Amino acid sequence: MASKVYFADFRCPSWRENLQQKLARLMMTAGFGDIDMDGKYVAIKMNFGEPGNMAYLRPNWAKTVADLVKSQGGKPFLTDCNTLYIGGRKNALDHMESAYVNGFTPYSTGCHIIIADGLKGNDEVAVPVEGGEYVKEAKIGRAVMDADVFISLTHFKGHEQAGFGGCLKNIGMGCGSRAGKMEQHNSGKPFVKQKKCVGCHACAKICAHGAPTFGPDNKASIDTSKCVGCARCLAVCPKDAIQCMYDEAPSILNYKIAEYTKAVVDGRPCFHVSLVMDVSPNCDCHGENDVPIVPNVGMFASFDPVALDQACIDAVLAQPKMPNSAIGSGEACQCEDHFKAAHPDTDWEAALIHSEKIGLGSREYELVKI
C-alpha cells in the first residue's frame, strides 16, 4: 500500500505564520501528535554540520521539533554518532564543540545534545537486523537505542558515495557507531598509515584480539585475520594513523545503510522529517559546501522513511538544474538524473530497492500537500 507523505512549500506570504510554525503544522497534520510521548525520552537524529560547512540545517529547525516534542510531554534530545573520518566530529568532545560553534546549544534548540556512541565512538549496542542479508547485527550508538521514541530530522542533499543523503542515510549511517560506520563503508578492517605512526602501542593496548603488530621500525600494522572491526584502535590513535578504507561498492553501501536503518526504527514509534533546501551535491560531513544543485523545494514528513526519501528524490528530479552549480554545465548538464549528474558512479536507487525488499517501507506514496 502507498504510504502518506505530507508536504509543505517554503512560502510564507502572510505574517500570520512563519516557517517554523509551518513545519510544526505539517508535522501535526502528518500524525505526529498521535505518538505517545508523555514522559518518554525522544531522540532527534540530525547532522550538526562539519565545521566550515554552511548547508546544514539551522538550529531553528531543531528547536521547532524539540518544542513540539515537549508540547506532547516528551523529553527530547538532539543526537548523532561520531564520524569515522578525521575531522571536527570524531569524538564526543570535538563533536559537541562543533555543534556549539554551528549554533546548536540548549538556548537555541530548547534541548540538550547527547553524542549517541559516547566519548570515543565505541559505546554501542548490537542490534539484530531482521531479514538482513549483509548485516546480521548492526552496531548502533547506545543513546539512540535507549530512546523510547525516534525522530529523524534530515537535510536532504546529494552524496558522493550513496548518491543522495536523505532519511535513510541520516538514520542508517548516522546512527552507526564508528565500528558500525566502518562496517558499512568496507569489510570492517582498518589499516595504518605508516608515516603517521609513532609506535606508541596505544592500539595494541586497546585491542582484545592482538591484531596490531609492530615491525623492526616500531610501526604498527593490522593483522586483518585477527581484526574483528571494532574500530577501537581508530578511536585511541593519537596521530590518526589508523584509518578505514572506503572501498565498498556503492550498491552494497546502500544495502547496508538500509539494513542499519531497519535496526534503528524497528519496534518503537518513529517519525521522519526531511527539508529539501540548500541541496548541496555533497554530504554535510564535508568541511565546505558547494552551490545548491536545484532550487529549494519544501518540507516533507512521514512515518515511512522509504516513502519519504522517494518523495524527496522525485521532487528534486522535477526541479531545474541551477546553472552555476556542479550539474549546471558541461557533460553533467546533459544527464537527466541530477544525482547521477553530480556523482556518476553512485547507485542511489539501490537503497530504496533493498529497503522495500527487507520490509523497511514502501516506495509507493501518496503526497498530501498542506
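We now turn to the structure provided with this report. (Residues numbered from 1 in each chain as written. Predicted model: local features only at pLDDT ≥ 70, side-chain atom pairs only at ≥ 80, totals over all residues. Heavy atoms only, no water.)

Under the counting rule described, the total for this entry stands at 14 salt bridges. Between Asp123 and Arg142 there is a salt bridge, with its nearest N and O atoms 2.6 Å apart. Of the two residues, Asp123 sits in the loop between β4 (112-115) and β5 (124-128) while Arg142 sits in helix α5 (residues 142-146), which places them 19 residues apart along the sequence. Residue Asp123 is classed as partly exposed on the basis of its relative accessible area, which comes to 30%. The closest approach of N and O atoms between Glu349 and Arg363, which form a salt bridge, is 2.9 Å. (Salt bridge = Lys/Arg side-chain N within 4 Å of Asp/Glu carboxyl O. Helix = DSSP H or I, 4+ residues; strand = E, 2+ residues; numbered from the N terminus. Buried < 20%, exposed > 50% of the residue type's maximum accessible area, 1.4 Å probe, protein only.)

Along the polypeptide, Asn47 turns up in the loop between β2 (41-45) and α2 (59-71). Separated by 107 residues in the primary sequence, Asn47 and Thr154 have C-alpha atoms spaced 7.5 Å apart. If near-sequence neighbours (up to four positions away) are discounted, Asn47 is found in contact with Tyr56, Asp80, Arg89, Asn170, Asp284 and Cys285. Side-chain polar atoms of Asn47 contact the backbone nitrogen of Gly49, separated by 2.7 Å. Side-chain polar atoms of Asn47 contact the side chain of Arg89, separated by 3.5 Å. (Contact = heavy atoms within 4.5 Å. Polar contact = N/O pair within 3.5 Å; in protein donor to acceptor, adjacent residues only side chain to side chain.)

Glancing now at the nonpolar core. Ranked by internal contacts, the top residues of the largest apolar core, which has 54 residues, are Ile140, Phe150, Phe156, Val264, Val276 and Phe300. The element best represented in this core is helix α11 (residues 305-317), accounting for 8 residues. Those residues in contact with Val264, other than ones at most four positions away along the chain, are Ile140, Val144, Met145, Phe150, Ile171 and Cys175. Listed in part, the 39 residues of the second largest apolar core include Ala24, Met46, Tyr56 and Leu275. (Core = buried A, V, L, I, M, F, W, Y, C linked by side-chain atoms within 4.5 Å.)

So, on to the packing of helix α7 (residues 178-185) against helix α10 (residues 250-265). Taken N-terminus to C-terminus, the directions of α7 and α10 make an angle of 145 degrees; their axes are 8 Å apart at the nearest point. For the pair formed by α7 and α10, the contact residues are Gly180, Glu183, Gln184 and His185 on the first element and Leu253, Lys256, Ile257 and Tyr260 on the second. Across the contact of α7 with α10, the residue classes tally to 3 nonpolar, 3 polar and 2 charged. (Axes fitted to C-alpha atoms, helices over the stretch in contact; angles between N-to-C directions. Nonpolar A, V, L, I, M, F, W, Y, C, P; charged D, E, K, R; others polar.)

Let us look at unusual backbone geometry. Here Asp240, not a glycine, exhibits a phi torsion of approximately 55 degrees, which is positive. Within the fold, Asp240 resides in the loop between α9 (232-236) and β13 (242-244). The phi dihedral of Asp278 is positive, around 45 degrees, even though this residue is not glycine. Using a relative accessible area of 29% as the deciding quantity, one classes Asp278 as partly exposed.

Moving on to the packing of aromatic side chains. Counted under the stated rule, the structure contains 12 aromatic pairs. Centre to centre, the rings of Phe156 and Phe339 are 6.2 Å apart; their planes meet at 80 degrees, and the pair counts as edge-to-face. One end of the pair, Phe156, is in the loop between β7 (149-155) and β8 (157-159); the other, Phe339, is in helix α13 (residues 338-342), with 183 residues separating them in the sequence. Across the pair, exposure class does not vary: Phe156 and Phe339 are buried alike. A network of ring pairs unites the aromatic residues Phe156, Phe164, Phe339 and Trp348 as a single cluster. (Phe/Tyr/Trp six-rings, centres within 6.5 Å; stacked < 30°, edge-to-face > 60°.)

Before going further, it helps to spend a moment on α10. When the terminal C-alpha atoms of α10 are compared, their 23 Å separation across 16 residues agrees well with the 22 Å that a helix rising 1.5 Å per residue should span. Buried residues dominate α10, accounting for 14 of its 16 residues. The positive-phi residue at the C-terminal boundary of α10 is Gly267, with phi of around 85 degrees. (Expected span 1.5 Å × (residues − 1).)

A word on the sheet that holds β7. Spatially, the 8 strands line up as an open sheet ordered β4-β3-β2-β7-β14-β15-β1-β16, and their pairing is mixed. At either margin of the open sheet sits one strand with a lone partner, and together these are β4 and β16 (365-369). If you compare each strand with its neighbour and ignore which way they point, the axes differ by 25 degrees on average. The pairing of β2 with strand β3 (residues 75-80) spans 5 bridges and is classified as parallel. Within β3, the position partnered with Ile44 by the bridge is Leu78. (Pairing = 2+ DSSP bridges.)

Right, let's talk about the side chain of Gln310 for a bit. Position of Gln310 among the secondary structure elements: in helix α11. Sequence-distant contacts of Gln310, defined by excluding residues within four places in its chain, comprise Leu352, Arg363 and Tyr365.

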